[in-house]
Every structure is written in structure tokens, then in C-alpha cells.
Amino acid sequence: PNRQCFQVFGFDVMLDSDAKPWLLEVNLDPALKTDSRLDLRVKSGMLVDLLNTIGVPVPPRGSGPAAGGTERPTAQQAA
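It should be emphasised that the depicted structure is a prediction, and the values quoted were computed from it without experimental measurement.

Here is what the cut-offs are and how they apply
- Residues numbered from 1 in each chain as written.
- Predicted model: local features only at pLDDT ≥ 70, side-chain atom pairs only at ≥ 80, totals over all residues.
- Heavy atoms only, no water.
- Helix = DSSP H or I, 4+ residues; strand = E, 2+ residues; numbered from the N terminus.
- Buried < 20%, exposed > 50% of the residue type's maximum accessible area, 1.4 Å probe, protein only.
- Contact = heavy atoms within 4.5 Å.
- pLDDT = per-residue confidence, 0-100.
- Expected span 1.5 Å × (residues − 1).
- Pairing = 2+ DSSP bridges.
- Polar contact = N/O pair within 3.5 Å; in protein donor to acceptor, adjacent residues only side chain to side chain.

### Description of the overall build of the protein
Right, so step 1: When helices and strands are counted, the protein shows two helices and two strands.
Right, so step 2: Along the protein, helices (α) and strands (β) appear in the sequence β-β-α-α when read from the amino end.
Right, so step 3: Counting the 79 residues in the protein, one finds 10% classified as buried.
Right, so step 4: For the protein, restricting intrachain contacts to residue pairs at least 6 apart in sequence, the fraction spanning at least 24 positions comes to 19%.

### Focus on the confidence of the model for the protein
Right, so step 1: Here the protein shows a mean pLDDT of 81. Residues at 70 or above account for 72%.
Right, so step 2: Here helix α2 (residues 75-78) is the element of the protein with the lowest mean pLDDT, 52, and strand β2 (residues 21-27) is the one with the highest, 97.

### A closer look at helix α1 (residues 37-53)
Right, so step 1: The first and last C-alpha atoms of α1 sit 24 Å apart over 17 residues, in line with the 24 Å expected at 1.5 Å per residue.
Right, so step 2: Of all the positions in α1, only Asp39, Lys43, Gly45, Val48 and Leu50 are classed as buried.
Right, so step 3: Positioned one or two residues after α1, Gly55 has a phi angle of 95°, which is positive.

### Considerations on the pairing of β2
Right, so step 1: Both strand β1 (residues 10-15) and β2 contribute to a ladder of six bridges, which runs antiparallel. By the bridge assignment for β2, Asp12 is matched with Glu25.

### Re the side chain of Lys43
Right, so step 1: Tracing the backbone shows Lys43 in helix α1.
Right, so step 2: Using a relative accessible area of 19% as the deciding quantity, one classes Lys43 as buried.
Right, so step 3: Sequence-distant contacts of Lys43, defined by excluding residues within four places in its chain, comprise Ala31, Leu32, Lys33 and Thr34.

### Some remarks on the environment of Lys33
Right, so step 1: With respect to the helices, strands and loops of the structure, Lys33 is situated in the loop between β2 and α1.
Right, so step 2: Here the alpha-carbon distance between Lys33 and Lys43, two residues 10 residues apart in the chain, equals 8.6 Å.
Right, so step 3: When near neighbours in sequence (up to four residues on either side) are disregarded, Lys33 contacts Asp39 and Lys43.
Right, so step 4: A distance of 2.8 Å separates the side chain of Lys33 from the side chain of Asp35, its partner in a polar contact.

Structure representation (C-alpha cells):
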């Protein structure tokens, strides 16, 4: 496999009243524009995870000794 190429897919999912996920659509070119602070946190976290997965080490935002080593907040914490 070619390890120098990758693609990001966007999955739109809705949860019903029983928390069962329903796939609405798959986007081949998901929008990465951010419209809110929560949007920025979620998408930047996803990009950090993506880059780390393909072997480009990027520390989570707010990590390291100077920042007190805090973890990136989850989507629920950022809301």
C-alpha cells in the first residue's frame, strides 16, 4: 500500500431516541472550515489524530511542560 497518500471522509450520523446511530451520508471532501470555538476544537483535534495516525507526530494542543501537560478537551467538555 502507498503510505504517502490518505483521504479524509466525513460521516454524517444521527442518533435516534434509543441512541442508535443512523448513517445519513458519507462526504468524500468534508468541510474543515470552522464556524465556532467548538467546531475549531473538534476539527483541530481530528486533524492532530489524523496526522499522528499517519506518522506525523503532532502533540495535542495545550500539552507539554510549559502548558502544564493538559489533554485536549472532548467535544462534550468544549461545549
